[in-house]
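Listed below are the residues making up each chain.
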Amino acid sequence: MNEQLSRWLERDPDGTTKDELQALIDAGNQEELQDRFKCRLAFGTAGLRGKVGCGPNRMNRLVIQETATGLGRYLIQQVKQARERGVIIGYDGRLDSRDFAFDTAAVLTALGIKVYLTDQVAPTPVVAYGIRQLNTAAGVVVTASHNPPEYNGFKVYWENGAQIIPPHDQGIAQAIEQAAQEPLRTISLTEAEEEQRLQWLSDDYYAAYRQAVHQHPLLRSDESGTDITIAYTAMHGVGAPYAEALLREAGFSHVHSVAEQREPDGRFPTVQFPNPEEPGAMDRVIALAEQTSADLACANDPDADRFAVAARNAAGEFHMLTGDQVGTLLGDYLLNGFSHGENTGQALVGNTIVSSSLLEKIAQHYGAAYFKTLTGFKWLTNVAMQQQREDRPFLFAYEEALGYTIGTQVWDKDGLSTLLAFVQMSTALKRNGKTVWDQLESIYRQHGLYVTAQKSIALAPDTPPVGDALRAEPPQVIAGRQVVVTEDYKTSQRMLADGRIESIDLPVSDVLIYQLEGNARVIVRPSGTEPKLKCYYELATEIVQGEAFSTAQQRADEQLSMLIAEHQIHLQ
């Protein structure tokens, strides 16, 4: 351990983290030192993400420089003309993000790789957009998205514009391990600029992103104007200038931003957790919506790749839509527009295995092609690229955790273009005398009422894998419902009640899906980042002719609650 500590102090370029480490050493804080140095922060398909601090198991400037060195070397080996094509880099408003982005640029340009660097904080989708537009070999966004203030991250995109998937994640991780054993080289950004290895991205680039959004054929509608009012929050993130500009350019002039959450602030002082899904996170934007008599209360998360919305219900009260409800509404709206437009071919839409099954039914109704993937947007966009073709253009994909993408300009979640699409859809509905809740009811009456929920069960760190226990004794009945089909993504097998076994053509993952009688579904998977078991529930029911929607909703909610309660007891 002493040798590790000494070597870190020699290599660390940051006086702050050097002092932090020295203070831990002087205090003899062995528990904390052990945690900081027991391993390297794992590099995976989302890149790096972790708490900021000294040591290899934290986010800091040395870890960033080692990571950037490994990434740069891997790109030179794997991507043709990687040095000339370069890497685009952007960063969010967290306290260390600018330094981490500049360090990344200093390392890559020292390796002879051209860098395109945003001249200010930028939303994740705005950076991801540039990979294809600039034809770079890769992209990096320094962001921890909606994680707590003490976190930061290093998100990597491949040359196709999507987040990295295997085998590139393992290849980069190996290159990082090697770089951590060797001297590191950086050059100043001034020198990089003088040698024409660094190009700053500024207003023209940001305007090009917005123009690309407006050029999508289904977002260039006349559904704009002053008859809808929007309350918006950037949640102390980087989305406000882009969200406001996109709406203004599309003709929406009644937009009100939560002033105290509009500017980037990595401390996130007005929210306990900067995630729109968390209780209380939307309180201020809903309060502003009430004050301004708005139709919608909209939010982006701090790096603006997610979108959340609350809308007035029949009682005139604001109520949050779930990620699946937003995905259902947008899927139906976009497919309807595609089918009535001048488009040819068959639209392609998709979502993840833990998202609602309703999108597939909607796709069938419109004659669209549908696909589903493992959780994570990296799978949605990479699979969409593989399955799209000239007569089957990709239109829309989403995951229930508030992630959506429309069209092919950005091959990742884009909370900004989603905001515009949702507002345009809501405007069209309002002009027809309907709300988004009315439209959801119409969709449910046509295709079935689908209700979904997600619950997590905290596990002790030494708990044996729950999935293995479930595989050893497969449940036959869950909450009084017969298991009709079991899908095991770890063994890539689908087991039917009659004993037949089919193969699953998706990457291996520790996920179990139980299809139950009565149109119900339970999904169990371990969390990839915490000692937790994540459970996803879905229940579908028909709305009886003449039945009030509120009655059907209450009935479905009660059945789902019973399913969840009995299943959670079974797992304890």
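Because the structure is predicted, anything quoted here is derived from the model rather than measured. (Residues numbered from 1 in each chain as written. Predicted model: local features only at pLDDT ≥ 70, side-chain atom pairs only at ≥ 80, totals over all residues. Heavy atoms only, no water.)

(A) Focus on the overall build of the protein. A count of helices and strands for the protein gives 19 helices and 23 strands. Its C-alpha atoms put the protein at 75 × 60 × 45 Å along the principal axes. Residue pairs in contact within the protein that sit at least 24 positions apart in sequence constitute 69% of those at least 6 positions apart. When the accessible area of the protein is evaluated, it comes to approximately 23,800 Å², of which 45% is carbon and sulfur surface. Positive and negative side-chain charges in the protein, numbering 50 and 74 respectively, have mean positions lying 3 Å apart. (Helix = DSSP H or I, 4+ residues; strand = E, 2+ residues; numbered from the N terminus. Contact = heavy atoms within 4.5 Å. Areas by Shrake-Rupley, 256 points an atom, 1.4 Å probe, with all protein chains shown as cover. Lys, Arg positive; Asp, Glu negative; His and termini not counted. Charge placed at Lys NZ, Arg CZ, Asp CG, Glu CD.)

(B) Inspection of the packing of helix α11 (residues 240-249) against helix α16 (residues 415-431) at higher detail. Between α11 and α16, whose axes approach to 10 Å, the crossing angle comes to 35°. Classified by chirality, the crossing of α16 by α11 is right-handed. Packed against α11, whose contacting residues are Y242, A243, L246 and L247, the element α16 presents L416, L419, L420 and V423 at the interface. (Axes fitted to C-alpha atoms, helices over the stretch in contact; angles between N-to-C directions. Left-handed = near helix turned anticlockwise from the far one by under 90°.)

(C) Fine view of the sheet that holds strand β6 (residues 198-201). What the six strands build is an open sheet, ordered β1-β5-β4-β2-β3-β6; its pairing is mixed. Every other strand in the sheet has two partners, leaving β1 (48-51) and β6 as the edge strands with one partner each. Looking at each pair of strands side by side, their axes are set apart by 15° on average, direction ignored. Bridge count between strand β2 (residues 87-91) and strand β3 (residues 115-118): three bridges; the pairing is parallel. Bridge pairing links I88 to Y116 in β3. This element, helix α4 (residues 61-78), spans β1, β2, β4 (138-142) and β5 (151-158) of the sheet and lies at about 5° to β5. Contacting β2, β3, β4, β5 and β6, helix α6 (residues 97-110) crosses the sheet at an angle of about 165° to β2. (Pairing = 2+ DSSP bridges.)

(D) Seen up close, the UniProt feature "domain: Alpha-D-phosphohexomutase alpha/beta/alpha" (unreviewed entry) in the protein. In this numbering, the UniProt entry assigns the feature "domain: Alpha-D-phosphohexomutase alpha/beta/alpha" (unreviewed entry) to residues 41-181, 209-310 and 322-444. Taken as a whole, residues 41-181 contains 42% helix and 18% strand, while its terminal C-alpha atoms sit 15 Å from one another. Annotation note: span residues 322-444, helix share 52%, strand share 16%, distance between end C-alpha atoms 15 Å. (UniProt positions renumbered as here; feature names shortened; annotations may be inferred.)

(E) Just the packing of aromatic side chains, in detail. Per the stated rule, a full pass over the model turns up 13 aromatic pairs. Each ring, one from Y129 and one from Y209, has its centre 5.7 Å from the other, and the planes form 75°; the classification is edge-to-face. Within this pair, whereas Y129 is found in helix α7 (residues 124-134), its partner Y209 is found in helix α10 (residues 203-214), the two being separated by 80 residues in sequence. Note on accessibility: Y129 and Y209 belong to one class, buried. Ring plane angle 20° and centroid distance 6.0 Å describe the contact between Y444 and F549, whose orientation is recorded as stacked. Of this pair, Y444 sits in helix α17 (residues 436-447) while F549 sits in helix α19 (residues 549-571), placing them 105 residues apart in sequence. With respect to class, Y444 is no different from F549; both count as buried. Site record: aromatic cluster; members linked through ring pairs are Y129, Y205, Y206, Y209 and Y242. (Phe/Tyr/Trp six-rings, centres within 6.5 Å; stacked < 30°, edge-to-face > 60°. Buried < 20%, exposed > 50% of the residue type's maximum accessible area, 1.4 Å probe, protein only.)

(F) Focus on the state of the cysteines. Counted under the stated rule, the structure contains zero disulfides. Lacking any disulfide linkage, C54 is separated from the closest cysteine sulfur, that of C39, by 14 Å. For C54, a relative accessible area of 0% gives the class buried. (Disulfide = S-S within 2.5 Å.)

(G) Broad picture of the sheet that holds strand β13 (residues 369-373). If you trace the four strands from one edge of the open sheet to the other, you get β13-β12-β14-β15, paired in mixed fashion. The sheet is open, and its two borders are formed by β13 and β15 (403-406), each paired with just one other strand. Each strand of the sheet is rotated relative to its neighbour by a mean of 15°, with strand direction disregarded. The strands touched by helix α14 (residues 358-366) within the sheet are β12 (348-352), β13 and β14 (394-399), with β12 carrying the most contacts at an inclination of about 170°.

(H) Representation of the nonpolar core. Among the nonpolar cores identified, the biggest contains 113 residues, and L321, L395, F396, F422 and V436 are the most heavily contacted of them. Dropping the residues within four chain positions of it, V436 is found in contact with A311, L321, L329, F422, M425, S426 and L429. The next biggest cluster of nonpolar side chains, apart from the first, holds 48 residues, and it includes I89, I113, V142 and W158. (Core = buried A, V, L, I, M, F, W, Y, C linked by side-chain atoms within 4.5 Å.)

(I) Just the environment of D227, in detail. Position of D227 relative to the elements: it lies in the loop between α10 and β7 (230-233). In this structure the C-alpha to C-alpha distance between D227 and D438, which are 211 residues apart in sequence, comes to 18 Å.

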